[in-house]
Amino acid sequence: MADFDEDHNREWGRLTTELLNRHSDRFPALTKVIADGAFTSTELDPLDFGLDRILDGVQALIDRA
């Protein structure tokens, strides 16, 4: 996120939406999951989520020892 550019992000969203709309008949499953919000941002930080999963796995190994 250090080099995040809001203008670039908006342009990327516009272009990908346009492309998906143009080819939605070829990719109906992809179109549906995107429309259902599969790629919308959430409050959850992906780094925090991944680190939590790794640490959960480490804790499970410790608990079994």
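Look up a bit, the structure's there.
Read on for a plain summary of the structure. (Residues numbered from 1 in each chain as written. Predicted model: local features only at pLDDT ≥ 70, side-chain atom pairs only at ≥ 80, totals over all residues. Heavy atoms only, no water.)

**Here's the deal with the packing of aromatic side chains**
Working step 1: In the structure shown here, the tally under the stated rule is zero aromatic pairs.
Working step 2: The residue whose ring lies beneath R53 is F49, and the NZ or CZ to ring-centre distance is 4.7 Å. (Phe/Tyr/Trp six-rings, centres within 6.5 Å; stacked < 30°, edge-to-face > 60°. Lys NZ or Arg CZ within 6 Å of the ring centre and 35° of its normal.)

**Comments concerning the pattern of salt bridges**
Working step 1: Here the structure, examined in full by the defined rule, presents seven salt bridges.
Working step 2: With a closest N to O distance of 3.0 Å, R22 and E18 form a salt bridge. Taken as a pair, R22 and E18 lie in helix 1 (residues 6–22) at a separation of four residues, close to a single helical turn.
Working step 3: Taking the relative accessible area as the measure of exposure, E18 reaches 38% and is therefore partly exposed.
Working step 4: Among the salt bridges present, the one from D56 reaches R53, with a minimum N-O distance of 2.9 Å. Taken together, the positions of D56 and R53, both in helix 3 (residues 46–64) and three residues apart, correspond to about one turn of that helix.
Working step 5: Residue classification places D56 among the partly exposed residues on the basis of a relative accessible area of 43%.
Working step 6: One salt-bridge network, in which partners are shared between bridges, spans E11, R14, E18 and R22. (Salt bridge = Lys/Arg side-chain N within 4 Å of Asp/Glu carboxyl O. Helix = DSSP H or I, 4+ residues; strand = E, 2+ residues; numbered from the N terminus. Buried < 20%, exposed > 50% of the residue type's maximum accessible area, 1.4 Å probe, protein only.)

**Here's the deal with the environment of T17**
Working step 1: Here T17 is to be found in helix 1.
Working step 2: Distance from T17 to I34, taken between C-alpha atoms, is 9.6 Å for residues 17 residues apart in sequence.

**Topic: helix 1**
Working step 1: Counted at 1.5 Å a residue, the expected span for helix 1 with its 17 residues is 24 Å, and the 24 Å between its end C-alpha atoms agrees.
Working step 2: Sitting at the head of helix 1, D5 places a side-chain oxygen 3.0 Å from the backbone nitrogen of D7. (Expected span 1.5 Å × (residues − 1). Polar contact = N/O pair within 3.5 Å; in protein donor to acceptor, adjacent residues only side chain to side chain.)

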